[in-house]
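Commentary on secondary and tertiary structure
One letter stands for each residue in the lines below.
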Amino acid sequence: MELQIDSVSMYFGGKKALSNVSLTLTPGVWSLLGANGAGKTTLMRIIAGILPPSTGRVAYNGVGIGELGGQYRAVFGYLPQEFGFDPAFTAEEYLCYLAALKGVPEKLARQRMAALFEELSLTEVRQKRIKKLSGGMKRRVGIAGALLGDPEVLVLDEPTSGLDPGERVRLRNLLARFAEGRIVLISTHIVPDVEFIASRHALIKKGKLLAVGTTEELVRQAEGLVWRCRIPAGAVPDYERQYQIAGLQHEGDGTVSLRCLGERPSEGAEPVPPTLEDLCLLLFPKEGGRDL
């Protein structure tokens, strides 16, 4: 099972949103990491068959998704950043509607809905109109819709948006289980949501792939570039002007422990093992930290 993205470029007017992106996705959880505006959503929409690329193609098991048509849609699940729904729909009615579109038999659809509502803590609100649900609940309804057809390829664009920490953990666990024998691609700018569940990551910036690999492979690029040092609290502004600070902790004795990226900030600084978030900060220095 392979989803091949072959030399895909995308232009909007005179602007190039994607530049010659090539990536082969195999079963397991993959992440697409990048700042807002990096081209993640554009690539997701092309993979979903919503946008035709300006150049290149997307193929599933060697056959272009345009040629597969309904066969591809039958094995594909997609959660966009914003999913549309009839304001009158309840959560249950929305999933019934999706099941009908996907051709899922009613009895099987009911079984899957019940399991998903339970898994995503939606059972008590299944009869409520979606428009009256909280942002996090709406997001979980969208996730249930993407999973409903038991897809072979699941693409989720910013799936944890609006979820609280507990819900994010439960979703990560659900996706890790679901990915066995399937391709799951998660687009996000929140590194901790994918650092430990994704088997491989693709880092994208300004429409170009910068790197592809496992967490262990990628963080090697940041070895020798992450430091911990302890300084007087009053010296923090100077350090922030001179160095990239990934973390700060007050020690309660007038000193502060800093996690610095790049060159060694002082003789007393000690090297520390890098994380995927450190690497993303180094690659995307202007986009901020945990939320790239």
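Everything below is about the structure shown above.
Before going into details, it helps to say that this report is about the structure given with it. Since the structure is predicted, the reported quantities are computational estimates derived from the model, not experimental observations. (Residues numbered from 1 in each chain as written. Predicted model: local features only at pLDDT ≥ 70, side-chain atom pairs only at ≥ 80, totals over all residues. Heavy atoms only, no water.)

**A short note on the sheet that holds strand β4 (residues 55-60)**
As a reminder, the rule being used: DSSP bridges decide pairing: two strands pair if at least two such bridges lie between them. Secondary structure elements follow DSSP: runs of H or I of four or more residues count as helices, runs of E of two or more count as strands, with numbering from the N terminus.
Overall, antiparallel pairing links the 4 strands, which are arranged β2-β1-β4-β5 in an open sheet. Each edge of the open sheet carries a strand with a single partner, namely β2 (15-25) and β5 (63-64). Judged from the 5 bridges that link them, strand β1 (residues 3-12) and β4 form a sheet pairing that is antiparallel. From the neighbouring strand, Q4 faces β4, where its bridge partner is A59.

**Points about the side chain of T215**
The cut-off we apply is this: Side-chain atoms alone can form a polar contact between residues adjacent in sequence; in general such a contact is a pair of N or O atoms within 3.5 Å, and within protein one must be able to donate a hydrogen while the other accepts it.
Structurally, T215 is set in helix α8 (residues 215-219). A distance of 3.0 Å separates a polar atom in the side chain of T215 from the backbone oxygen of E195.

**Some details on the pattern of salt bridges**
Rule in force here: Counted as salt bridges are all cases of a side-chain nitrogen of Lys or Arg within 4 Å of a carboxyl oxygen of Asp or Glu. Under the scheme applied here, a residue whose accessible area is under 20% of the maximum for its type counts as buried, over 50% as exposed, and between as partly exposed, the area being computed with a 1.4 Å probe on protein chains only.
Inspection of the entire model under this criterion finds 12 salt bridges. Close ionic contact of R182 with D150 constitutes a salt bridge, the shortest N to O distance being 2.6 Å. Linking R182 in the loop between α7 (165-178) and β8 (183-188) with D150 in the loop between α6 (135-147) and β7 (153-157), this pair joins segments that are 32 residues apart in sequence. For D278, the salt bridge goes to R259, with nearest N and O atoms at 2.8 Å. Taken together, the positions of D278 in helix α10 (residues 276-283) and R259 in strand β13 (residues 255-261) put the pair 19 residues apart, joining distant regions of the chain. The buried category is assigned to D278, whose relative accessible area is 2%. Within the structure, one salt-bridge network assembled from shared partners comprises E92, R110 and R126.

**Comments concerning α6**
What counts is decided by this rule: Given a helix with a known number of residues, its expected span is that number minus one, times 1.5 Å. Here a residue-residue contact requires only that any non-hydrogen atoms of the pair lie within 4.5 Å.
Taking 1.5 Å per residue, 13 residues should reach 18 Å; α6 reaches 19 Å between its end C-alpha atoms and fits that length. Across the 13 residues of α6, 10 count as buried, placing the element largely inside the fold. Taken as a whole, α6 has its buried residues at G136, R139, R140, V141, G142, I143, A144, G145, A146 and L147. In this fold, the buried residues of α6 make contact with β6 (76-79), α4 (91-102), α5 (106-119), β7 and α7.

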